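Architecture and fold: a report
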Amino acid sequence: AYDEPLGVTYTSGVPSLSVWAPTALTDPGVSVNVYDAAGALLETKPMTLDADSGIWKVTGTAAWDRKFYKIALKVFSYATNSFVTNEVTDPYSVSLAMDSVRSQFVNLADADLKPAGWDALVLTPLAAPEDLSIYELHVRDFSIADSSVPAADRGKFTAFDIPGTSGRNHLQQLAS
């Protein structure tokens, strides 16, 4: 068991990154590639391995905040029966670039990322955990076959914002 957070954490405005990658080769090791919003590579920084946990870590700079990144590592691929170098998004990402091509350094505690009233929100207490109802919904599945949604919006985020559609009415009933 590993008791520390994985992914991006912040200390005094400086992001650090921790990922569990015990099968990554130590030669060349794991590194983080930092990109700007346009996708231009700004920096590559090696990560340090904690051999006991399999966790690779790096501390960035305050300039990394809101920049994008990918993790580069070399592993053995059983599919190709060879060693391959992969550049991947962070499996612990809390923010991604468009089309999920890169992870993003963001501090979810930043005031500009919180919806209005977030810090004052008081959750209704539950008598028992089994009283929770958790729904999972895929954006495409929400409206792809819903004839009450205009064809151009089916399977897209915009379908959630069209009043009077079957899916929107159903969500409003659940909320009630």
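For the structure, check the block above.
Cut-off values and rules
- Residues numbered from 1 in each chain as written.
- Predicted model: local features only at pLDDT ≥ 70, side-chain atom pairs only at ≥ 80, totals over all residues.
- Heavy atoms only, no water.
- Helix = DSSP H or I, 4+ residues; strand = E, 2+ residues; numbered from the N terminus.
- Rg over C-alpha atoms; globule rule 2.2 N^0.38 Å.
- Buried < 20%, exposed > 50% of the residue type's maximum accessible area, 1.4 Å probe, protein only.
- Salt bridge = Lys/Arg side-chain N within 4 Å of Asp/Glu carboxyl O.
- Pairing = 2+ DSSP bridges.
- Axes fitted to C-alpha atoms, helices over the stretch in contact; angles between N-to-C directions.
- Core = buried A, V, L, I, M, F, W, Y, C linked by side-chain atoms within 4.5 Å.
- Contact = heavy atoms within 4.5 Å.

Along the chain, the regular secondary structure elements total two helices and nine strands. Reading the helices (α) and strands (β) of the chain from amino to carboxyl end gives β-β-β-β-β-β-β-β-β-α-α. Against the compact-globule benchmark of 16 Å for 176 residues, the chain has a radius of gyration of 21 Å, which places it well outside the compact range. Taken across its 176 residues, the chain has 28% of its residues classed as buried.

Another aspect to go through is the pattern of salt bridges. Overall, the coordinates contain five salt bridges when judged by the stated rule. Residues R66 and D110 are paired through a salt bridge, measuring 3.0 Å at the closest nitrogen-oxygen approach. Taken together, the residues span a long stretch of sequence, with R66 in the loop between β6 (55-59) and β7 (68-77) and D110 in the loop between β9 (103-104) and α1 (139-143) at a distance of 44 residues. Members of the salt-bridge network, linked through shared partners, are D65, R66, D110 and D112.

Bringing the sheet that holds β6 into the picture now. Ordered in space as β1-β2-β6-β5, the four strands form an open sheet in which the pairing is antiparallel. Of all strands in the sheet, those with a lone pairing partner are β1 (7-11) and β5 (48-50), marking the two edges. Across the sheet, the mean angle separating the axes of adjacent strands is 30° when strand polarity is ignored. Here β1 runs beside strand β2 (residues 14-20); their pairing, made up of five bridges, is antiparallel.

Of all hydrophobic cores here, the largest spans 18 residues; its most connected members are L17, V32, M47 and F105. Of all the secondary-structure elements, those providing two or more residues to this core are β1, β2, β3 (31-35), β6 and β7. With near-sequence residues (within four places) excluded, M47 lies in contact with L17, V19, V30, S31, V32, W56, K57 and V58.

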